[in-house]
Amino acid sequence: MATSVAGEGQTSLNGNISDPQTKKLTDLPTELLEHILCFPVLKHVDICNVSCCCKRLHDVCHGRGKVWGHQYKLWPRLQRFYRQNESCDWLKEYKTRHRVGIQIRRTVESISKRFFTEVPCVGQVLGDSFAEIESLGMPEHFCEDELLFILNSDKKSLTLKYYAKKILYFLRQQNILRSLKTFLEQPAEQQSSIEAVLVDQYCNPLADVTLDSISAQVDEITEKVKKMLRIKNPSHPSLRMAQDCSVVEDFDLQRQVVCALNSVLYEQLQYKGNEFDYYNPLNSYIHQVLLRHTGIPISLSVLYMTLARKLGVQLEPVNFPNHFLLRWCQKPRSEDIYDFVYIDAFGKGKQLTAKECEYLIGHQVTADYYSAISTTEVLLRMVGNLLNIGKREGNEKSYQLLRDSLDLYLTINPDNVQYLLLQARLYFHLGIWPEKVLDILQHIQALDPSQHGAVGYLVQHTLEHIQHKKHPVTPEVKKRTAPEHLEVQYSVGLIMKHKSGYNCVIYGWDPKCTMSQEWITTMRVHQLSNGANQPFYNVLVQDGTCRYAAQNLEPHSAPLEIGHPEVGRYFSEFADNHYVANEELQTRYPEDMNETLGTVQEL
């Protein structure tokens, strides 16, 4: 169809041809022509060519018509941004989305070499890429849609997908921070604790978490509680509430709500405190609490308080030490701590007196700890919990959680010297974003001059880092045929099995161990048969870790893909039984691919 009508050779959105065969088409009704031109086999180039044939077909293919509206459905995720039957210039939208797609792909492809060669400056590379995307002046949802299009593509381009994912992660986090700042600017009485979903979104930017989806799940639980209330008291005022701003004044009626809420939440839906895996960060995310029906005191309290308010009972958050609580006033306008009932959402909604709260944590506290706190303070406590979890372990996953929680905490409380210094030290330790480290240190010095000792040390070493970055060392090219490399048995891309049992893929090697003497001693390398005087391999392990392993490896007898998040950084595709090094890795190990293929064929 496309060839007979449009001819051949057109590859742009602006074609112009003439063909006598089009006379057969012009006699058809408009509806039938539109139906024909909406056939799935026809691409945008074909429609451009057809529309250039004559005035009749040009009119059928007008920008606001059905034909270009059908072409725009190539991007189904974008349809939600338009009202049903909306009159829109689909041709203009298509051209804009098409241009954004081309530019985004160029940005993703260009980031590869910069990111690969500038590992210490990951944040800066992503920041530059984000600035490039912003400079396009295009709708953000178009940019995100192209990144998702790349990620969900059937093509094997692992490296392209790897960097698309990095940019999407960064892009979404920047947007979430903007939303958080907007939220913090609202008057306290307009802020809702359910907006804690912003914490979920920032720490899980690639997950499909929205305030609308969270609110829908909360509304579903609310309806279950209303159903329970209807059985107990068909005339209860909470059943008639359309908005969560109404308040039930009568305490007996409030008690009925709390009783029904406890019954639904803890008996019917089986929500509970996660005592066995308390420090799992998933316990702090509202969307995960709703999914897994378990959490920690603060996340369960946020859910409990939100449900209660929707049913007319005003509960207040209490920043109790070691165990977050809610308080329920039993006397109007009283601030006496003994005039409140304290609700333990972690303990299945158990109601406590002020004295019983102290038994809960095992020591006495002052009256200040029973006071209600603001929504902003609730967010700070939630983020603080995540921050402490991130500090518990020293692995890559915990570092990411620590970075994310520090970003959130310092967005809410930007002048906290303790956490500013922690952020500067973390970036310095990870060797990332040295320019930002200097900005943080300058801010710390302005806030608290007494920190000059710690600040001065970090400034000196950060400046050295920046100076070193101006004179980058050219990566060493390692050839297997070099005499000093003859003992290296395995190549990059091979799927291996370590003698201790784990599966991995090689992404680098050294003819001898290059780690420090301290590392060699700690890892007991001297106990190996050849000690440090043998080839060592950089490997990505199936469990998500990166290791530096001696030649205690053997090719896997049944090689499968390694589920490691960094695979795309080094490899372009998985070819049945081994990984193919991408262009950047091949420049460092130019002879390895032939060796890899040879080893695979032998197996």
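The structure displayed is predicted, hence computed values, not measured ones. Sequence order as written defines the numbering, with residues in each chain counted from 1. The model is predicted, so local features are restricted to residues of pLDDT at least 70 and side-chain atom pairs to those at 80 or more, both for listing and for counting; the totals for chains, interfaces and linings are taken over all residues. Side-chain metrics in this entry use all non-hydrogen atoms of the structure; hydrogen atoms and water are not considered.

Engineer: Describe the overall build of the protein, naming the residues involved and giving the relevant values.
Structural biologist: Labels follow the DSSP assignment, with helices taken as runs of H or I lasting at least four residues and strands as runs of E lasting at least two, numbered in each case from the N terminus. Regarding its fold elements, the protein presents 25 helices and 13 strands. Looking at the protein as a whole, 49% of its 603 residues are labelled buried. Throughout, a residue-residue contact means that at least one pair of heavy atoms, one from each residue, lies within 4.5 Å. Taking all contacts inside the protein whose residues are at least 6 apart in sequence as the whole, residues at least 24 apart take part in 60%. For every accessible area listed, the method is Shrake-Rupley and the probe measures 1.4 Å; residues are considered covered only by the protein chains on display. Surface summary for the protein: the accessible area is close to 30,700 Å², and the carbon and sulfur share equals 51%. Per-residue accessibility, obtained with a 1.4 Å probe over protein chains only, is compared with the maximum for each type, and a residue is labelled buried under 20%, exposed over 50%, and partly exposed between these values.

Engineer: Account for the pattern of salt bridges, with residues named and values stated.
Structural biologist: The term salt bridge refers to a pairing of a side-chain nitrogen on Lys or Arg with a carboxyl oxygen on Asp or Glu at a separation within 4 Å. Taken as a whole and judged by the stated rule, the model has 18 salt bridges. Between E146 and R97 there is a salt bridge; the shortest N-O distance is 2.7 Å. With a gap of 49 residues between them, E146 in helix α9 (residues 140-151) and R97 in helix α7 (residues 90-117) connect regions that are remote in the sequence. Taking relative accessible area as the criterion, E146 reaches 5% and is therefore assigned buried. Look at R97 and you get buried, because its relative accessible area is 1%. The closest approach of N and O atoms between R172 and E144, which form a salt bridge, is 2.8 Å. Note that R172 is positioned in helix α10 (residues 158-184) and E144 in helix α9, a separation of 28 residues in sequence.

Engineer: Now, about the side chain of R172: what can you tell me, with residues and values included?
Structural biologist: Assessed through its relative accessible area of 16%, R172 is described here as buried. Ignoring any residue separated from it by four or fewer positions in sequence, one finds R172 in contact with E144, L148, P205, L206 and A207.

Engineer: Can you lay out the sheet that holds strand β8 (residues 503-510) for me, pointing to particular residues and giving the numbers?
Structural biologist: For two strands to pair, DSSP has to find at least two bridges joining them. The five strands lie next to each other as β10-β9-β8-β7-β11, forming an open sheet whose pairing is antiparallel. Bordering the open sheet on either side are β10 (546-550) and β11 (553-555), each of which pairs with just one other strand. Taking each pair of neighbouring strands and ignoring which way they run, the sheet shows an average axis angle of 50 degrees. Bridging between strand β7 (residues 495-498) and β11 involves three bridges; their strand directions are antiparallel. Bridge assignment links H498 to a residue of β11, and that residue is L553. The axes used here are C-alpha line fits, helices contributing only the stretch in contact, and every angle between their N-to-C directions lies in the interval 0 to 180 degrees.

Engineer: Tell me about the packing of aromatic side chains, residues and numbers included.
Structural biologist: Centres within 6.5 Å make a pair out of two Phe, Tyr or Trp rings, where for Trp the six-membered ring is used; the pair is then stacked when the planes are under 30 degrees apart, edge-to-face when over 60, and tilted otherwise. Within this structure, the stated rule accounts for 22 aromatic pairs. Members of the aromatic cluster, connected to one another through ring pairs, are W68, Y72, W75, Y82, W90 and Y94. In this analysis the charged atom, NZ for Lys or CZ for Arg, is taken to sit over a ring once it is within 6 Å of the ring centre and within 35 degrees of the ring normal. The positively charged end of R327 is found above the aromatic ring belonging to F340, 4.0 Å away from the centroid. A cation over an aromatic ring shows up here: R547 above the ring of Y502, its NZ or CZ 4.4 Å from the ring centre.

Engineer: Any details on the nonpolar core? Residues and values, ideally.
Structural biologist: We call a set of buried Ala, Val, Leu, Ile, Met, Phe, Trp, Tyr and Cys residues a nonpolar core when their side-chain atoms join them within 4.5 Å. Grouped together as the largest cluster of nonpolar side chains are 83 residues, with contacts concentrated most on I221, Y271, Y304 and L315. Leaving out residues up to four positions away in the same chain, Y304 has contacts with V258, L261, N262, L265, Y266, L315, L326, I343, A345 and G349. The next biggest cluster of nonpolar side chains, apart from the first, holds 36 residues, and it includes V60, V108, L148 and L168.

Engineer: I'd like a description of the environment of I389, backed by residues and values.
Structural biologist: With respect to the element layout, I389 can be found in helix α17 (residues 375-392). Considering only alpha carbons, one finds I389 and S405, 16 residues apart in sequence, at a separation of 9.7 Å. Apart from residues no more than four positions distant in its own chain, I389 is found in contact with Y279, N280, P281 and L401.

Engineer: Tell me about helix α3 (residues 30-37), and name the residues and values.
Structural biologist: Regarding α3, the residues found buried are L33, E34, I36 and L37. Considered in projection along α3, the buried side chains sweep an arc of 160 degrees and stay on one side of the axis. Within this analysis, the arc is defined by the directions that extend from the helix axis to the C-beta atoms.

Engineer: So, the sheet that holds strand β3 (residues 316-318): which residues are in play, and what are the values?
Structural biologist: Spatial ordering of the open sheet is given by β3-β4-β5-β6, a layout of four strands whose pairing is antiparallel. Among the strands making up the open sheet, the edge pair consists of β3 and β6 (350-352). Sheet twist, expressed as the mean angle between neighbouring strand axes with direction ignored, is 40 degrees.

Engineer: Please provide a residue-by-residue account of the packing of helix α12 (residues 211-232) against helix α15 (residues 297-310), values included.
Structural biologist: Helix packing for two helices is described by the angle between their axes and how far apart those axes are. For the pair α12 and α15, interaxial distance at closest approach is 10 Å and the crossing angle is 60 degrees. By the angle between their directions, the pair α12 and α15 is classed as oblique. Two packed elements cross with a definite hand, and for α12 against α15 that hand is right-handed. For the pair formed by α12 and α15, the contact residues are V218, D219, I221 and T222 on the first element and L303, T306, L307 and K310 on the second. Counted by class, the contact of α12 with α15 contains four nonpolar, two polar and two charged residues. When an angle is under 35 degrees it counts as roughly parallel; over 145 it counts as roughly antiparallel; between 65 and 115 it counts as roughly perpendicular; any other value is oblique. A crossing counts as left-handed when the near helix is turned anticlockwise from the far one by less than a right angle, and as right-handed when that turn is clockwise. Gly is placed with the polar residues, together with every amino acid not listed as nonpolar (Ala, Val, Leu, Ile, Met, Phe, Trp, Tyr, Cys and Pro) or charged (Asp, Glu, Lys and Arg).

Engineer: Account for the pairing of β7, naming residues and giving values.
Structural biologist: Two elements, β7 and β8, share three bridges in a ladder whose sense is antiparallel. When the sheet's bridge partners are listed, I495 is paired in β8 with V505. Connecting β7 to the next strand, β8, in antiparallel fashion are four residues, including G501 with a positive phi near 115 degrees.

Engineer: Please give an account of the environment of P281 that cites residues and values.
Structural biologist: Relative to the helices and strands, P281 is located in the loop between β1 (272-273) and α14 (286-292). When sequence neighbours within four positions are dropped, the list of residues in contact with P281 reads L386, I389 and L401.

Engineer: Kindly report on the state of the cysteines, identifying the contributing residues and their values.
Structural biologist: Cysteine sulfur atoms are paired as a disulfide whenever they fall within 2.5 Å. Counted under the stated rule, the structure contains zero disulfides. The closest cysteine sulfur to the non-disulfide-bonded C61 is located on C48, 8.8 Å from its own sulfur. By relative accessible area, which is 4% here, C61 ends up buried.

Scope: geometric values only; no functional claims are made or implied.
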